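The chain contents come next:
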Amino acid sequence: QQPVQSPQAVILREGEDAVINCSSSKALYSVHWYRQKHGEAPVFLMILLKGGEQKGHDKISASFNEKKQQSSLYLTASQLSYSGTYFCGTESSSGTYKYIFGTGTRLKVLA
Amino acid sequence: EAQVTQNPRYLITVTGKKLTVTCSQNMNHEYMSWYRQDPGLGLRQIYYSMNVEVTDKGDVPEGYKVSRKEKRNFPLILESPSPNQTSLYFCASSLLAGAEQFFGPGTRLTVL
């Protein structure tokens, strides 16, 4: 089952912050975050491998709560270039190498 | 330049006419994958390959075949395409399973 992301869509003004959540009904072994701009391929943002791990990339950071089977992506002081669709992704189950993406969150940053 | 290439980028075909979408990577990656992307359904994995001659089904493998005879190439074959296979297809590769995936530019397929 696909991880569920919330919100489904969000509109921000430049400089505002946003949080995107990714929740799984199954255990998460690792979480990846990707951004896909309109008409382009997804681009990797970051990977979180351990429960409780937090990572940062420019003004985008993420956390991973293994117990709650959740990850959150934090976008701080958003820029126009942050617009796109954000996907979390993970191995679909332990012991296989299948990969599954979350439902996606469309984010639009306005000037 | 490290990249994943796909061909063709756009294809319009008719029901039942066999087609192949090629995918090639120049990064010596072991793991390769095919996804389809449909509005409201996100990205869904069709097939993946752990290495040469090792392939396995993803979540939506029906109607597709793949092969991995060389490490760099992972073609997607539709032996008898149907309109429900109209979609945007992405090939991706990563050094290992679970690592960062690099995506090709996508192939937009329309089956009439």
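Residues numbered from 1 in each chain as written. Chains lettered and ligands numbered in written order. Predicted model: local features only at pLDDT ≥ 70, side-chain atom pairs only at ≥ 80, totals over all residues. Heavy atoms only, no water.

Visitor: Can you tell me about the packing of aromatic side chains, naming the residues and giving the values?
Guide: This structure, assessed with the given rule, holds eleven aromatic pairs over all chains. Judged by centre distance (5.6 Å) and plane angle (75°), the rings of Tyr34 of chain A and Phe44 of chain A are edge-to-face. Remark: Phe44 of chain A occurs in strand E5 (residues 43-48) and Tyr34 of chain A occurs in strand E4 (residues 31-36); sequence separation between them is ten residues. On the basis of relative accessible area, Tyr34 of chain A is assigned to the buried category, the value being 0%. Considering the side-chain rings of Tyr31 of chain B and Tyr48 of chain B, the 5.8 Å spacing of their centres and the 25° angle between planes classify their relative orientation as stacked. Note that Tyr31 of chain B is positioned in strand E4 (residues 31-38) and Tyr48 of chain B in strand E5 (residues 42-51), a separation of 17 residues in sequence. (Phe/Tyr/Trp six-rings, centres within 6.5 Å; stacked < 30°, edge-to-face > 60°. Helix = DSSP H or I, 4+ residues; strand = E, 2+ residues; numbered from the N terminus. Buried < 20%, exposed > 50% of the residue type's maximum accessible area, 1.4 Å probe, protein only.)

Visitor: Just give me the short version of the sheet that holds strand E1 (residues 4-7) of chain B, but keep the residues and values in it.
Guide: Residue and element names in this part refer to chain B. Taken together, four strands build an open sheet; the order of strands is E1-E3-E8-E7 and the sheet is antiparallel. Pairing within the sheet leaves two strands with one partner each, and these edge strands are E1 and strand E7 (65-66). Pairing of E1 with strand E3 (residues 19-25) involves four bridges; the strand directions are antiparallel. If you follow Thr5 over to E3, its bridge partner there is Ser24. (Pairing = 2+ DSSP bridges.)

Visitor: Give me the state of the cysteines: which residues, what numbers.
Guide: According to the stated counting rule, one finds two disulfides over all chains in the structure shown. At a sulfur-sulfur separation of 2.1 Å, the disulfide partner of Cys22 of chain A is Cys88 of chain A. Across the disulfide from Cys22 of chain A to Cys88 of chain A, rotation about the S-S bond amounts to roughly 75°, and the bridge is consequently right-handed. A residue pair is termed long-range when its members are at least 10 positions apart, and Cys22 of chain A in strand E3 (residues 18-23) and Cys88 of chain A in strand E9 (residues 84-91) qualify at 66 residues. There is no split in this pair, since Cys22 of chain A and Cys88 of chain A are both buried. There is a disulfide in this structure between Cys23 of chain B and Cys91 of chain B, and the S-S distance comes to 1.8 Å. Measuring handedness by torsion sign, the sulfur bridge of Cys23 of chain B and Cys91 of chain B sits at about -70° and is left-handed. Of the two residues, Cys23 of chain B sits in strand E3 while Cys91 of chain B sits in strand E9 (residues 87-94), which places them 68 residues apart along the sequence. (Disulfide = S-S within 2.5 Å.)

Visitor: If you had to explain the interface of chain B and chain A to someone new, which residues and values would you point to?
Guide: Chain B puts 20 residues into the contact, and the matching count from chain A is 17 residues. Summing both partners gives a buried area of about 1600 Å² for chain B against chain A, and 58% of it is carried by carbon and sulfur. It is Leu43, Gly98 and Phe103 of chain B that lose the most area in chain B upon contact with chain A, and together they represent 30% of the buried surface on that side. Our count for the chain B to chain A interface comes out at one salt bridge. A salt bridge links Lys98 of chain A to Asp59 of chain B, with the nearest nitrogen and oxygen atoms 3.9 Å apart. Summed over the shared surface of chain B and chain A, the number is six residue pairs in polar contact (both at pLDDT 80 or more). Among the secondary structure elements, those contributing two or more residues to the side of chain B that touches chain A are E4 and E5 of chain B. At five residues, the largest contribution of residues to the side of chain B that touches chain A is made by E5 of chain B. Among the residues making up the side of chain B that touches chain A, the classes are represented as ten nonpolar, seven polar and three charged. (Contact = heavy atoms within 4.5 Å. Buried area = accessible area lost by both parts, 1.4 Å probe. Salt bridge = Lys/Arg side-chain N within 4 Å of Asp/Glu carboxyl O. Polar contact = N/O pair within 3.5 Å; in protein donor to acceptor, adjacent residues only side chain to side chain. Nonpolar A, V, L, I, M, F, W, Y, C, P; charged D, E, K, R; others polar.)

Visitor: Kindly report on the nonpolar core, identifying the contributing residues and their values.
Guide: With 21 residues, the main nonpolar core has Trp33, Leu73, Leu75, Tyr86 and Leu107 of chain A as its most contacted residues. Where this core is concerned, the elements lending two or more residues are strand E2 (9-13), E3, E4, E5, strand E7 (60-65), strand E8 (70-75), E9 and strand E11 (105-110) of chain A. Discounting chain neighbours no more than four positions away, the residues touching Leu73 of chain A are Ala18, Val19, Ile20, Trp33, Leu45, Met46, Ile60, Ser61, Ala62 and Tyr86 of chain A. Membership of the second largest hydrophobic core comes to 19 residues, among which are Cys23, Met32, Phe74 and Cys91 of chain B. (Core = buried A, V, L, I, M, F, W, Y, C linked by side-chain atoms within 4.5 Å.)

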